[in-house]
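# Structure assessment
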Amino acid sequence: MIAVRKLAKYAAYAHMTVRNQLAYVLDFLIRSLFLLVILFIFFQLWSVTYDGVGERQIAGYTFEQMIWYLAVAESVILASPKLNAKVEAEVKNGDIAYQLIRPASYLLMHYGSYMGEASVRVIVNLALGSALAFLWFGWSPPGINVPLCLLVMVGAFTVNFLLTMLISLCAFWVEETRGLDFVYNKLLFTIGGMLLPMEMFPGSLRAVGEWLPFQAVAYFTAKTAVHADVSEALRMMAIQWGWAALLACAAAFVYGKGVRKLNVNGG
């Protein structure tokens, strides 16, 4: 019963964030127009690529699947809240000291807020991306890929939150963490499989990517959306939550070290 009450407390953070974000849906729609520009550019690039290769499939992806893959991958990445700037500001301004006296976990509080904001953003992004894809390829009835993709997406945002939080908590020791966040995002773009499915990577690079957590964010979600397979989705979710458990322990450790340093330095 106590555990349920604690979970409800953090769910309330998510609910409150969703309500706040819904007040600015029009702003999200305007900012999400950037997604349409990116997809249009990719549509042109990949149409030329498939025409030049002269094959219906490249690495197991048809042209339509490749565009859908990019639409989902871009939607997930663009929907991820800017946690880095928020945590860094709290540490720099000393606002984190007020968070410490609250009867709530700092990490879980941010997790609830992060997931609430991400849910609103990704719905808007997917709606715009899907509308554009439908204009290109016409209507295709959704199948089991939709619920599987949503389940994998929860793990994707969780892993992304924990990785970003680890970077953000470095603000306890360094002045700026934006450089680290920039490098992390570029890893998501490349070895994380956002720009290209990992099936298209050279063998050695793909082998390295499969041992890193970056694939669990964009690649897993986008692949599930276009190649729906229950057993494969379960394998991906097992990898995601395995990384999530490991990263959660690492984030709790780093946070504890940072708070002790804050207390020693007097805030």
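A brief structural summary. (Residues numbered from 1 in each chain as written. Predicted model: local features only at pLDDT ≥ 70, side-chain atom pairs only at ≥ 80, totals over all residues. Heavy atoms only, no water.)

## Considering the packing of helix H7 (residues 106–137) against helix H8 (residues 145–168)
At their nearest, the axes of H7 and H8 sit 10 Å apart, and the two run at 130° to each other. Relative to H8, the element H7 lies oblique. Crossing geometry of H7 relative to H8 is assigned as right-handed. Note on element contacts: H8 touches H7 through Met153, Val154, Phe157, Thr158, Asn160, Phe161 and Met165, opposite Leu107, His110, Tyr111, Tyr114, Met115, Ala118, Val122 and Leu126. Taken together, the residues of the contact of H7 with H8 sort by class into 12 nonpolar, 3 polar and no charged. (Axes fitted to C-alpha atoms, helices over the stretch in contact; angles between N-to-C directions. Helix = DSSP H or I, 4+ residues; strand = E, 2+ residues; numbered from the N terminus. Parallel < 35°, antiparallel > 145°, perpendicular 65-115°, else oblique. Left-handed = near helix turned anticlockwise from the far one by under 90°. Contact = heavy atoms within 4.5 Å. Nonpolar A, V, L, I, M, F, W, Y, C, P; charged D, E, K, R; others polar.)

## Some points on the side chain of Glu88
In this fold, Glu88 is placed in helix H5 (residues 83–93). At 2.6 Å, the side chain of Glu88 and the side chain of Thr177 are in polar contact. Apart from residues lying up to four places away in sequence, Glu88 is in contact with Ala171, Glu175, Glu176, Thr177 and Arg178. (Polar contact = N/O pair within 3.5 Å; in protein donor to acceptor, adjacent residues only side chain to side chain.)

## Some points on the packing of H8 against helix H11 (residues 218–226)
Contact geometry of H8 with H11 gives a least axis separation of 8 Å together with a crossing angle of 175°. Considering their axes alone, H8 and H11 lie roughly antiparallel with respect to each other. Side by side, H8 and H11 meet where Asn145, Leu148, Cys149, Val152, Met153 and Ala156 of the first sit next to Phe220, Thr221, Thr224 and Ala225 of the second. Considered class by class, the residues forming the contact of H8 with H11 number 7 nonpolar, 3 polar and no charged.

## Regarding unusual backbone geometry
Trans peptide bonds make up most of the peptide bonds, and negative phi angles are found at most residues other than glycine. A positive phi is found at Ala59, a non-glycine position, where the angle reads about 55°. Here Ala59 shows up in the loop between strand S1 (57–58) and strand S2 (61–62).

## Here we look at the packing of aromatic side chains
Both the distance between ring centres and the angle between the ring planes are used here to describe each pair of aromatic rings. Scanning the model with the defined rule gives 12 aromatic pairs in all. Each ring, one from Tyr61 and one from Tyr69, has its centre 5.8 Å from the other, and the planes form 80°; the classification is edge-to-face. A single burial state applies to Tyr61 and to Tyr69, both of which are buried. Consider the rings of Tyr106 and Tyr255, whose centres lie 5.3 Å apart with planes at 0°: the pair is stacked. A residue pair is termed long-range when its members are at least 10 positions apart, and Tyr106 in helix H7 and Tyr255 in helix H12 (residues 230–264) qualify at 149 residues. Both residues of the pair, Tyr106 and Tyr255, count as buried. Ring pairing ties together the aromatic residues Phe43, Trp46, Tyr50, Phe63 and Trp136, which thus form one cluster. (Phe/Tyr/Trp six-rings, centres within 6.5 Å; stacked < 30°, edge-to-face > 60°. Buried < 20%, exposed > 50% of the residue type's maximum accessible area, 1.4 Å probe, protein only.)

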